[in-house]
Amino acid sequence: MTQQHIETLSIHAGQHPDPVTGAVMTPIYQTSTYVQSGVAEHKGFEYSRTDNPTRSALQECLAALENGKHGLAFASGMAAIDMVLRLVKAGEHVLAGNDVYGGTFRLLDKVFKGYGVEHSFVEMTDLDQVKKSLRPNTRLVVLETPTNPRLKVFDIAAISKIVHGHNAQTQVVVDNTFATPYLQRPLDLGADMVIHSTTKYLGGHSDVIGGAVITSDAATYERLKFLQNAVGAVPGPMDCFLILRGIKTLAVRMDRHADNALAVAQFLSDHPKVKEVIYPGLSDHPQYEIAKKQMRNGGGMISFLLHGTVDDAKRLAAKTKLFALAESLGGVE
Ligand SMILES: *Cc1c(COP(=O)(O)O)cnc(C)c1O
């Protein structure tokens, strides 16, 4: 078959009618274990920490969306990031973008540092700084783009080239939660691993917590698959079903999110009380050209600064009607 578009993959990849009943939707295989016809004779499923058919469907779907060979689903975005950081040994170094998700910072600074993993942060819009910050023992380079909350856009292809030129063993990891594979596919741009909080746009309905790692590198996959079973931070089948269900409408949701975000960003840009609007889809965004090159559209997230005080900003955040004052993003509401 010819290469399917992401709109098609998001509905069909990894999902086949149930061979027993013909059920069109992937069943929620709510089971911990699987009967064996003889000792160690089974149909590929032994125990649901190791493998579960609903999770397998989600993992295959996620891999296809990112144009990767392998996908692994985890109980949360943080569990996915934790698994990737477990690839780093004591005495090795992680270089991260200076605007990473707070939970990623906490994991590096309050957990892995205690295990002897070094880390440092760099402004990744400055490619010279990226080059200078790489160390002989740098094992991973971790970045998000667009970042939260400054919505900085980093050039994934250029950074990957610099990192791999420095050391072919150093791997580039992109947290693609904000963009989703519908807007940007980091593996196609040279990254080695993609991370998601599937809690956000992939799930899309604020009803599930989940995470994922996607890679095309066989050795990396083998190690992460081993860790997934060894550590056990796996999502349950109901959660996998909900994420699969959310993904079916990813393309239409992301297009609408971007249309709405651009309209809101333009409205705010013209507002006398607004000092600055940060949105990668506006031509005055500092990395607009990079965004145009690597993203399908500007996405659904906007940051803006008011003229006035912190209290003014707090008052505005508390007074919006349709926008819930809450953590998280990517839900239809
Ligand atoms: C939410 C988020 C995470 C963490 O994911 P959880 O599912 O909340 O554990 C990681 N990275 C980014 C960019 C996020 O927005």
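Here we summarise the structure given alongside this text.

Cut-offs applied
- Residues numbered from 1 in each chain as written.
- Predicted model: local features only at pLDDT ≥ 70, side-chain atom pairs only at ≥ 80, totals over all residues.
- Heavy atoms only, no water.
- Helix = DSSP H or I, 4+ residues; strand = E, 2+ residues; numbered from the N terminus.
- Contact = heavy atoms within 4.5 Å.
- Polar contact = N/O pair within 3.5 Å; in protein donor to acceptor, adjacent residues only side chain to side chain.
- Buried < 20%, exposed > 50% of the residue type's maximum accessible area, 1.4 Å probe, protein only.
- Pairing = 2+ DSSP bridges.
- Axes fitted to C-alpha atoms, helices over the stretch in contact; angles between N-to-C directions.
- Salt bridge = Lys/Arg side-chain N within 4 Å of Asp/Glu carboxyl O.
- Core = buried A, V, L, I, M, F, W, Y, C linked by side-chain atoms within 4.5 Å.

Here T215 shows up in strand β7 (residues 211–215). Separated by 23 residues in the primary sequence, T215 and D192 place their C-alpha atoms 6.1 Å from one another. Ignoring anything within four residues of it in the chain, the contact list for T215 reads G68, K69, H70, L187, D192, M193, T220 and Y221. Separated by 3.1 Å, the side chain of T215 and the backbone nitrogen of D217 make a polar contact.

Quick look at the side chain of S160 now. Inspection of the secondary structure assignment puts S160 in helix α6 (residues 156–166). The exposure class assigned to S160 is buried, which follows from its relative accessible area of 2%. A distance of 2.8 Å separates a polar atom in the side chain of S160 from the backbone oxygen of I156. Not counting residues up to four positions away in its chain, the partners in contact with S160 are V172, L189, G190 and A191.

Another point: the sheet that holds strand β4 (residues 138–144). Taken in spatial order, the seven strands of this open sheet run β1-β7-β6-β5-β4-β2-β3, and their pairing is mixed. Two strands bound the open sheet, and with one partner strand each, they are β1 (70–74) and β3 (118–122). Mean inter-strand twist for the sheet, computed between neighbouring axes without regard to direction, equals 20°. Judged from the four bridges that link them, strand β2 (residues 93–97) and β4 form a sheet pairing that is parallel. Looking at the pairing, A96 lines up with V142 of β4.

So, about the pattern of salt bridges. One pass over the full model with this rule turns up 11 salt bridges. Two residues, K113 and D109, come together in a salt bridge whose shortest N-O distance is 3.8 Å. Classification of K113 as partly exposed rests on a relative accessible area of 48%. The residue R315 makes a salt bridge to D312 at a minimum N-O spacing of 2.9 Å. Here D312 and R315 lie together in helix α12 (residues 310–319), a separation of three residues that amounts to about one turn.

Counting residues in each nonpolar core, the largest one holds 34 residues, and the members touching the most others are L58, L62, Y182 and I247. For this core, the elements supplying multiple residues, two or more each, are α1 (6–12), α2 (53–65), α7 (180–183), β7, α9 (237–247) and α10 (250–269). In contact with I247, not counting residues within four places along its chain, are S10, L58, C61, L62, L65, L202 and R253. In this structure, M83, L140, M193 and Y221 belong to the second largest nonpolar core, which totals 26 residues.

Another aspect to go through is the environment of I290. Among the structural elements, I290 can be located in helix α11 (residues 288–294). Since its relative accessible area comes to 22%, I290 is described here as partly exposed. I290 sits 10 residues away from P280 along the chain, and the two C-alpha atoms are 9.1 Å apart.

What follows deals with the side chain of N52. Among the structural elements, N52 can be located in the loop between α1 and α2. A polar side-chain atom of N52 sits 2.9 Å from the main-chain amide nitrogen of T54. Leave out the neighbours within four places in its chain, and N52 touches Y29, T31, Y34, F45 and P237.

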